[in-house]
Every structure is written in structure tokens, then in C-alpha cells.
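Residue strings, one per chain:
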Amino acid sequence: MRIGVDLGGTKIEVIALAADGRELLRRRLPTPQGDYVATIAAVAGLVKAAESELGRRGSVGIGIPGAESRASGLIKNANSTCLIGRPLRTDLEALLQREVRLANDANCFTLSEAADGAGRGAEVVFGVILGTGVGGGIVAHGHILAGANAIAGEWGHNPLPLPQAADLPLPACYCGRRGCIETYLCGPALTRDHAQQTGETLDPAEIDQRASAGDATCEATLQRYEARLGRALAGVINLLDPQVIVLGGGLSNLQRLYRNLPACCGPHVFSDVFYTRIVPPAHGDSSGVRGAAWLWD
Ligand SMILES: [Zn+2]
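Each residue is numbered by its place in its chain's sequence as written, counting from 1. Reporting of local features is limited, given that this is a predicted model, to residues whose pLDDT is at least 70; pairs of side-chain atoms are given and counted only at 80 or more, and all residues count toward the totals for whole chains, interfaces and linings. Here the side-chain values reflect all heavy atoms present in the structure, with hydrogen atoms and water set aside.

A.B. asks: What am I meant to see in the coordination of the zinc ion here?
C.D. replies: Octahedral six-donor coordination of a metal ideally yields angles of 90 or 180 degrees, compared with 109.5 degrees for tetrahedral four-donor coordination. Bound to the zinc ion are the protein donor atoms H157 (ND1), C173 (SG), C175 (SG) and C180 (SG), situated 2.0 to 2.3 Å from the metal. All donors of the zinc ion come from a single chain, and their spacing in sequence reads H-x15-C-x1-C-x4-C. Placement of the pair is H157 in the loop between strand 10 (143–144) and helix 4 (182–185) and C180 in the loop between strand 10 and helix 4, with a sequence separation of 23 residues. Looking at C180, the relative accessible area reads 1%, which means it is buried. For Na, K and Ca the donor cut-off is 3.2 Å, and for all other metals it is 2.8 Å, counting N, O and S atoms only; because water is absent from this set, sites may look incomplete. Secondary structure elements follow DSSP: runs of H or I no shorter than four residues count as helices, runs of E no shorter than two count as strands, and numbering proceeds from the N terminus. Using a 1.4 Å probe on the protein chains alone, a residue whose accessible area is under 20% of its type maximum counts as buried, one over 50% counts as exposed, and one in between counts as partly exposed.

Written as C-alpha cells, this is what we have:
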């Protein structure tokens, strides 16, 4: 049995999968806010409760909003800041009395979709998170590519390629740089861009609904978004050339992206043909926690 835990900023979710990938159990708790000791106790408690309910012991994989430093074993790049600088894996191993595998949540998303989701059977899958932030992960030949610095796939903090007049001035990013892809392509950025152009504050789903109903300003906002996303993904394609790009996060619910993105990417890809498939996730919001379970294969 494989147990996966998605340790998010607002909730901790646990899933238990049978050997064939069937879901045996799923539970969730709110994440203790800003309290590291309570957070690891909650994770260990969920795992132990799942095992006692199912009457067996499982392997444990955990997806986190950050990465484990290869040098120190401490957590970095986590937006749940109470995890930063902590030896999360060794602390959980002590509480659970076994080896634990940790991975970035975008990597878990990508692994889930590559294992038995929208990227099944593909040699290389790039998973994209378009949510409150922009992240990504790479799975090649069934395995997560973590990278020398544990940041493989983190395209959200590359600069947006070919900035146009509407992209300037380059927005400041929390990471300390300017013009990061995330500052144009996360959900709040779509809302901000629409507000700057129209004075109207709408969430991405409302912008999408109004564009579908024929609102020209909402349509223009989404076309700017798609053009930026197309240029940003073209850079990934030139480097990695994945067979499949799976979109995740809240903005992956915008169905028009799957229709419109190939035409936005294609002209910026260094190839006369464009075969890369850009697809929605098969497991939706469950991919993070499923991929954590799949860390043991
Ligand atoms: Zn940045």
C-alpha cells in the first residue's frame, strides 16, 4: 500500500492507494498555521490514522510547497514559511519510524499525471501549475527530474520572453527579480492585468464567463494571457521538447487554453511542426496527493 500526503498551505490531505492505484482512503485536515511542530504532528497523525483504519502499513510519500536542499536536507522555497530551514524529512521519519520520500508538489502533480493520467505513456511530461503561483515539474521515463539545485521545472521565475508594450513595466516578483513569468501568469496576475486595463476586478472564472458571453474587454484580457503563456511555454518546449504538457492549478479549468495555446506557442517554437500535446489533468485536484503516493514506485 502507498500512502501519499499533500502538505499544502491551507490543508493537509492523505490518500492510500492499493498496488493497482485504486484509492482506498482519503482524509484531510486544515494545516496548522505558522506552527511547524503542530504541522508535522498533523501529518504523522493522518498517516497513522489511515493505517489503523485500513489495518496495514504503507510506504509514505509527501508533496510539499517547496524543495529539500540537496546540500543541507533543509526545506527551501516554501510559501508555507514555517517549513523553511527545517529538516522536515528526518523529523517525519522519526515520527513515523520509517523512510519517507519528499518532493515538490508540482513534481508530484506531474508524476501522478505521467504515471496514470493525462501524460500516461509519454517519454517526457512537463507539468505546469497555474494557480496562486506558477510552478512546474518534469517527469522523464517515469521518474521525477529533481535537478542539481532541486529546482528542475521551475519556469515561473524565468523572465517572460519577448515582453511587449502591454507587458511593461516589468512587475516586481516576491523572489526579488522583475518580469518573472509568475507575475504575468498566476491567477492574481490575470485579475490584476484585467483591472489595469478596465478598472474592473474580476476573478479568472468570471473573466472567462464574460468572454464566452461576448465581452470584448474580457476576451482581450484572455488573449493577452494566452499570448504570454504561449511564449513562456515555447521556451520550455525548445529546451525540453516534452511529448505532453499537462496544465494544473485553478487556471487549468479555462477550457479555451487547450484550444488556443498551440497557435500561441507554435510560432515561437524552433520547429516547422508542433506535435506537443497541451492537455488538462486527468486527476484534477487529486494529482498532487496521488503523485506523493507514487513517489514509491
Ligand atoms: Zn520570481
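A.B. asks: Got a minute to help me understand the pairing of strand 4 (residues 59–64) in this structure?
C.D. replies: Walk down a regular strand and you will see the side chains alternate between the two sheet faces. The element strand 4 is extensively covered by neighbouring structure, given that six of its six residues are classed as buried. Side chains of strand 4 alternate between two faces, with S59, G61 and G63 and V60, I62 and I64 buried alike. Here the rule is simple: two strands pair whenever DSSP picks up at least two bridges between them. Direction of pairing for strand 1 (residues 2–7) relative to strand 4: parallel, over a ladder of five bridges. Its bridge partner lying in strand 4, G4 is registered against G61. With five bridges connecting them, strand 4 and strand 7 (residues 100–104) associate as parallel partners. In the strand pairing of strand 7, G63 is matched with A103.

A.B. asks: Could you clarify how one ought to interpret the sheet that holds strand 11 (residues 244–248) in this entry?
C.D. replies: With respect to topology, five strands assemble into an open sheet ordered 10-9-8-11-12, the strand pairing being mixed. What marks the edges here is a single partner per strand, and that holds for strand 10 and strand 12 (277–279). As defined by bridge partners, strand 11 adjoins strand 12 across three bridges and the pair is classed as parallel. Residue pairing in the sheet places V244 in a bridge with R277 of strand 12. Note on definitions: a residue-residue contact is assigned when non-hydrogen atoms from the two residues lie within 4.5 Å. Whenever a helix is involved, its axis is fitted only over the stretch in contact; in every case the axis is a line through C-alpha atoms, and angles between N-to-C directions fall within 0 to 180 degrees. Strand contacts of helix 3 (residues 105–116): strand 8 (124–130), strand 9 (134–140), strand 10 and strand 11, with the helix running at about 45 degrees to strand 9, the strand carrying the most contacts. Against the sheet, helix 8 (residues 256–265) makes contact with strand 8, strand 11 and strand 12, and its axis sits at roughly 145 degrees relative to strand 12, the strand it touches most.

A.B. asks: Sorry, what's going on with the packing of helix 6 (residues 204–212) against helix 7 (residues 216–240) here?
C.D. replies: For any two helices packed against each other, the geometry comes down to the angle between their axes and how far apart the axes lie. For the pair helix 6 and helix 7, the least separation of the axes is 7 Å and the interaxial angle reads 120 degrees. Judged on the interaxial angle alone, helix 7 and helix 6 are oblique. For the pair helix 6 and helix 7, the crossing hand works out as left-handed. Counted together, I207, D208, R210 and A211 of helix 6 and C218, E219, T221 and L222 of helix 7 form the full contact between these two elements. For this classification, Asp, Glu, Lys and Arg are treated as charged, while Ala, Val, Leu, Ile, Met, Phe, Trp, Tyr, Cys and Pro are nonpolar and the rest, including Gly, are polar. In the contact of helix 6 with helix 7, the residues fall into four nonpolar, one polar and three charged. Convention used here: angles under 35 degrees read as roughly parallel, angles over 145 as roughly antiparallel, angles from 65 to 115 as roughly perpendicular, and any remaining angle as oblique. Note on convention: near helix rotated counterclockwise from far helix by under a right angle means a left-handed crossing. Clockwise means right-handed.

A.B. asks: Any chance you could explain helix 2 (residues 88–96) here in plain terms?
C.D. replies: Each α-helix winds once per 3.6 residues, and so residues spaced three or four apart point in a common direction. Considered for burial, the residues of helix 2 that qualify are L88, L92, E93 and L96. The arc that holds the buried residues of helix 2, viewed along the axis, is 130 degrees, so those residues lie on one side. Buried-residue contacts for helix 2 involve strand 1, helix 1 (36–54), strand 4, strand 6 (75–76) and strand 7. Just downstream of helix 2, Q97 is the residue with a positive phi angle, here 60 degrees. Along the arc lie the directions from the helix axis toward the C-beta atoms.

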